Amino acid sequence: MTGLLLYIGVAPSRTGIFLSIPLLANIFQVLLGRMWSRFRDYKSAMNRLILISRYGILSVAIIPLVMRGMPIWIRVCAAGIILTVSYTLAASAGIHLNFWMVSTVDTGMQGTFFSFRDRIVVAATLVISLTAAWMLDRLETCGMEYAGFALAFFFAAILAVADYQIIRRIEYAGTEHNAGRDRIIPVRHILEENRRFVKFLIYILCLNMALNMANPYYNSYMLDSLKLKYIQVTCMTALQVVVQIAVSAVWEKIGNRIRWSRILNTTVMILGMQFFVWAFVTEKTIFLLPIIFVTSGMISTGLVTGQFMIPYEFIDRNRAMACLSISTGVAAAGGFAGSIAGSMLISSLKECTIFVGSISIGSMQINMMVSGAALLLTVLYAEYIFAGESDKHTF
């Protein structure tokens, strides 16, 4: 998606905002809560909305074709509107899909299940990404870069249909617990009755703000500043995936024994320190890049699954969908605010360069250090709200 956004005309310093649109959509999905109370067949509604939203996201690929010759700002605005609407539908349906999945998995098997799921997802992503990157590089050298994007998104459309057919064949256990109706409960009542949940919301807001100050700008930094090719960037991702799969058995054991909030806090601390290393990656110190991606591979399963599972440790199960909707919206608000803050910081320090020996540190690297410091502060706050909590799973 980053390469396509740059091709459409999005400035490198603004790609992070576009890549954070899914976070903004997670805020808007709160407004769709009442819609679910009108559906009699949750599974069909959920599956159809997911398919529609995916096709909406993929339709961005035709913007350079149907808007050829139009001003760049019109193409950029069109991409923003399409992605916002599509991701909002995806976010609303995704909350129901995720709750269905988590409710189906026994707590004692969560580590095993999510570790295996993670291996499947990253392996498939690796194969698809490598193929797409190789194709994009080959076609770019022939002056046919857009054809590469079109082909990649066409194959993604085929996979979306396949996924839709698979979900149709899975038995639905009806785990929604009045999913649409419990969202109608006023947010104020939930927050007043559950102070522990409020502390969690503050934590997840700060965590996502810190994460997204720098996270959306990795690919832009590698493509635009380090001058790497698509295949080189994908090879770094492949390295991370290989390490991730290699250590997945370790996370399987850890996830079965320790609650996800503890796992998340540990991996966030490592990630925060890693952000400071990113600041020193330049064309002269490119050898640091594999080290960063190896480290990312080691913590990725714990970090991603921890972010996914932690809300279930703090929500009221009787109001699960309402609480999940609120926490998703708050996390998204923090993430989107972080991406805006990162973009503003990068733009305002565009002409600023700091020299540490022979290494020059520009605005993107400074943003990574600020993000890393913010992450370490969230680790301290997490220790406060997790104090006295049992290490056992609660959902």
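Residues numbered from 1 in each chain as written. Predicted model: local features only at pLDDT ≥ 70, side-chain atom pairs only at ≥ 80, totals over all residues. Heavy atoms only, no water.

Caption draft 1: Molecular detail of the overall build of the protein. Counting secondary structure elements, the protein contains 17 helices and 2 strands. When burial is assessed residue by residue, the protein has 50% of its 395 residues classed as buried. Put simply, the protein shows about 18400 Å² of open surface, and 67% of that area lies on carbon and sulfur atoms. (Helix = DSSP H or I, 4+ residues; strand = E, 2+ residues; numbered from the N terminus. Buried < 20%, exposed > 50% of the residue type's maximum accessible area, 1.4 Å probe, protein only. Areas by Shrake-Rupley, 256 points an atom, 1.4 Å probe, with all protein chains shown as cover.)

Caption draft 2: Molecular detail of the pattern of salt bridges. Under the counting rule described, the total for this entry stands at 1 salt bridge. For the salt bridge of Arg259 with Glu313, the shortest nitrogen-to-oxygen distance reads 2.8 Å. Separated by 54 residues along the polypeptide, Arg259 in the loop between helix H13 (248-257) and helix H14 (260-278) and Glu313 in the loop between helix H15 (288-309) and helix H16 (320-348) bring together distant segments of the chain. Among the residues examined, Glu313 registers a relative accessible area of 6% and is labelled buried. (Salt bridge = Lys/Arg side-chain N within 4 Å of Asp/Glu carboxyl O.)

Caption draft 3: Region of the structure containing a nonpolar patch on the surface. A contiguous nonpolar patch, built from Leu151, Phe154, Phe155 and Ile158 and spanning about 390 Å² of accessible area, is present on the exposed surface. Along the polypeptide, Ile158 turns up in helix H8 (residues 145-168). (Patch = residues over 30% accessible without salt bridge, like charges linked within 9 Å, V, L, I, M, F, W, Y side chains within 5 Å.)

Caption draft 4: Quick look at the environment of Asn219. Looking at where Asn219 falls in the secondary structure, it is placed in helix H11 (residues 218-225). You can call Asn219 partly exposed: its relative accessible area is 33%. Along the backbone, Asn219 and Thr234 are 15 residues apart, and their C-alpha atoms lie at a distance of 9.8 Å.

Caption draft 5: Expanded view of the nonpolar core. Formed by 81 residues in total, the largest nonpolar core has its most connected members in Phe197, Tyr203, Trp278 and Leu289. If you tally residues by element for this core, the top one is helix H10 (residues 195-214), at 9 residues. Not counting residues up to four positions away in its chain, the partners in contact with Phe197 are Ile190, Leu191, Phe314, Ile315, Cys323, Ile326 and Ser327. If you look at the next biggest cluster of nonpolar residues, it comprises 6 residues, including Met46, Leu49, Ala93 and Ile167. (Core = buried A, V, L, I, M, F, W, Y, C linked by side-chain atoms within 4.5 Å. Contact = heavy atoms within 4.5 Å.)

Caption draft 6: Spatial organisation of the packing of aromatic side chains. This model, assessed by the stated rule, comprises 4 aromatic pairs. Geometrically, the ring pair formed by Phe200 and Phe314 is stacked, given 4.7 Å between the ring centres and 10° between the ring planes. Of the two residues, Phe200 is situated in helix H10 and Phe314 in the loop between H15 and H16; the sequence distance between them amounts to 114 residues. Here Phe200 matches Phe314 in class, with each residue buried. With centroids separated by 6.2 Å and ring planes inclined at 70°, the aromatic side chains of Trp278 and Phe293 adopt a geometry described as edge-to-face. Here the residue Trp278 occupies a position in helix H14, and Phe293 occupies one in helix H15, the gap between them amounting to 15 residues. (Phe/Tyr/Trp six-rings, centres within 6.5 Å; stacked < 30°, edge-to-face > 60°.)

Caption draft 7: Structural context of H11. Taken residue by residue, H11 has Tyr218, Ser220, Tyr221, Met222 and Leu223 as its buried positions. Lys227 sits one or two residues past H11 and shows a positive phi near 60°.

Caption draft 8: Representation of the confidence of the model for the protein within the structure. With 84% of its residues at a pLDDT of 70 or more, the protein shows a mean pLDDT of 77. Note on residues 175-184: pLDDT is under 50 here. Beyond four places in sequence and across chains, it has 34 contacts. (pLDDT = per-residue confidence, 0-100.)

Caption draft 9: Highlighting the environment of Ser129. By the element assignment, Ser129 lies in helix H7 (residues 110-141). When its relative accessible area of 27% is taken as the criterion, Ser129 is described as partly exposed. Along the sequence, Ser129 and Ala238 sit 109 residues apart, while their C-alpha atoms lie 8.5 Å from each other.

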